[in-house]
Amino acid sequence: MFVHLLLEGVADGSLGVALDVVSTASFLAEAGRTPIPRGTKALSQRVVSLDGQPVRSAAGRTIAVEGAFSLRGLRKGDVVVLPGLFSASGRTVEQLLAREDARRAAGLLPEAAAKGVMLAASCSATFVLAASGLLDGQSATTSWWLVPEFARRFPRVSLSADRMVVDAGDILTAGSSLAHADLMLAIAARLLGPSVAHLVARYLVLDERPSQARYMVTEHLRVSDPALQAVERFIFQNVGRQLSLDELSRVAALSPRTLARRVHASLGMTPHEFVQRIRVSRAVHLLETTHVSVEDVAARVGYADAAAFRRVFRRFTGESPRRRRAPAG
């Protein structure tokens, strides 16, 4: 049983795509279009709110539900999903977490987890899941532009900022609102097998998107910590050469360990990943605005080995440098 738990301000698209993924997976499995593990139960789903009352969506629409969320009705193996809630900034996240419904949901989730229920959330709903304490010591992701806020609020969570979906066993998190599609496919793969998830993706024309990095706007992630601002400027000024952690630490006037801690707290990544992100953002600019070769771009952003550059570029953007190539003209 999938239980879609709606909070006020739920993203219309997140709910819609979730319902489509589950219903399509159920149809394909029951129709025998793809093999599923023996003994797998048929999928069913309900849309509920905390009190059983209709919910107002992010677009201002009234969404009817099928009842109130009930811990009593949950069984081991069920899935409770919090569809995305859009927050544009740390201020709106703070408003979200101060709401009575968000606090109540965060309080109920540990009880659901204790019953062996799988939990999942995307976009700003990941903050509600984190507020429950269930993500402490676990890996997670969230909307890319809210990474610094998430890292600041929940330092005990190991944040994988670039990942579209993070599967931490019985808890799954996803990035921004439409990453909810990726989240639901990941759950379908867990319950019915990868072949079903792949087939659903093909029927719904959903591309595989393992990383959020290609969508990130580097300027939006600019740090506010003065020490890290100095490091960021230094990386941009020296993007064409190798940079060591000791060198970055001297620029920040911090020990390597303290620098690593501050970078993770602000951006949810390591100093090495911070350097790589800036290099890749510079490479994207060169690829989209010039016609120099990929090998030349690699050298300009500090990679003597073009093959290594391609691997890093694909990891951070989800595509090859050639796909970001400026059109000839």
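Being a predicted model, the structure only gives us computed values, none of them experimental.

Enquirer: Just checking my understanding: could you explain the sheet that holds strand S10 (residues 171-174) for this structure?
Expert: Picture the strands of a sheet paired through backbone hydrogen bonds; they go either parallel or antiparallel. Spatially, six strands are ordered S2-S1-S5-S6-S10-S9 in an open sheet, and the strand pairing comes out mixed. Bordering the open sheet on either side are strand S2 (45-49) and strand S9 (165-167), each of which pairs with just one other strand. Across the sheet, the axes of successive neighbouring strands diverge by a mean angle of 20 degrees, strand direction being ignored. As judged from the three bridges shared by S9 and S10, these two strands associate in the antiparallel manner. Bridge pairing in S10 links Val 165 to Ala 174.

Enquirer: Looking at this model, I keep getting lost on the pattern of salt bridges. Mind explaining?
Expert: Side chains that carry opposite charge are capable of pairing whenever their charged atoms lie near each other. Under the definition given, this model contains 11 salt bridges. Note that Arg 153 is salt-bridged to Glu 149, the shortest N-O span being 2.7 Å. Taken together, the residues span about one helical turn, with Arg 153 and Glu 149 both in helix H5 (residues 147-153) at a distance of four residues. Residue Arg 153 is classed as partly exposed on the basis of its relative accessible area, which comes to 26%. A salt bridge links Asp 170 to Arg 190; the nearest nitrogen and oxygen atoms lie 3.9 Å apart. Of this pair, Asp 170 sits in the loop between S9 and S10 while Arg 190 sits in helix H6 (residues 180-192), placing them 20 residues apart in sequence. Looking at Arg 190, the relative accessible area reads 37%, which means it is partly exposed.

Enquirer: What should I look at first to understand the packing of H6 against helix H7 (residues 194-203) in this one?
Expert: Each pair of packed helices can be summarised by the angle the axes make with each other and by the distance between the axes. Running from N to C, H6 and H7 point in directions that differ by 145 degrees, and their axes come no closer than 6 Å. Each of Leu 185, Ala 188, Ala 189 and Leu 192 in H6 lies in contact with H7, whose residues at this interface are Pro 194, Val 196, Ala 197, Val 200 and Ala 201. Looking at side-chain class alone, the contact of H6 with H7 contains nine nonpolar, no polar and no charged residues.

Enquirer: Hey, could you run me through unusual backbone geometry in this one?
Expert: At Cys 123, a position not held by glycine, the phi torsion is positive, near 50 degrees. Among the structural elements, Cys 123 can be located in strand S6 (residues 118-123). Even without glycine at this site, Ala 253 takes up a positive phi of about 60 degrees.

Enquirer: How should helix H2 (residues 90-98) be read in this particular structure?
Expert: In an α-helix there are 3.6 residues to a turn, and that puts residues three or four apart on one side. Listed in full, the buried residues belonging to H2 are Thr 92, Val 93, Leu 96 and Leu 97. Projected down its long axis, H2 shows its buried positions confined to an angular sector of 140 degrees, all on one face. Where H2 is buried, its residues touch strand S5 (79-85), helix H3 (100-114), helix H4 (125-131) and H5.

Enquirer: Help me understand the packing of aromatic side chains in this model?
Expert: Aromatic ring pairs: the centre-centre distance and the angle between the two ring planes describe each pair. One pass over the full model with this rule turns up six aromatic pairs. Plain terms: the ring middles of Tyr 303 and Phe 309 are 5.7 Å apart, the flat faces sit at 50 degrees to each other, and that makes the pair tilted. Relative accessible area serves as the criterion here: at 10%, Tyr 303 is assigned to the buried category. Members of the aromatic cluster, connected to one another through ring pairs, are Phe 127, Phe 150 and Phe 154. For the cation-ring pair, Arg 279 lies above Tyr 303, with the distance from its terminal atom to the ring centre recorded as 5.0 Å.

Rules behind the numbers
Residues numbered from 1 in each chain as written. Predicted model: local features only at pLDDT ≥ 70, side-chain atom pairs only at ≥ 80, totals over all residues. Heavy atoms only, no water. Pairing = 2+ DSSP bridges. Helix = DSSP H or I, 4+ residues; strand = E, 2+ residues; numbered from the N terminus. Axes fitted to C-alpha atoms, helices over the stretch in contact; angles between N-to-C directions. Salt bridge = Lys/Arg side-chain N within 4 Å of Asp/Glu carboxyl O. Buried < 20%, exposed > 50% of the residue type's maximum accessible area, 1.4 Å probe, protein only. Contact = heavy atoms within 4.5 Å. Nonpolar A, V, L, I, M, F, W, Y, C, P; charged D, E, K, R; others polar. Arc of directions from axis to C-beta. Phe/Tyr/Trp six-rings, centres within 6.5 Å; stacked < 30°, edge-to-face > 60°. Lys NZ or Arg CZ within 6 Å of the ring centre and 35° of its normal.

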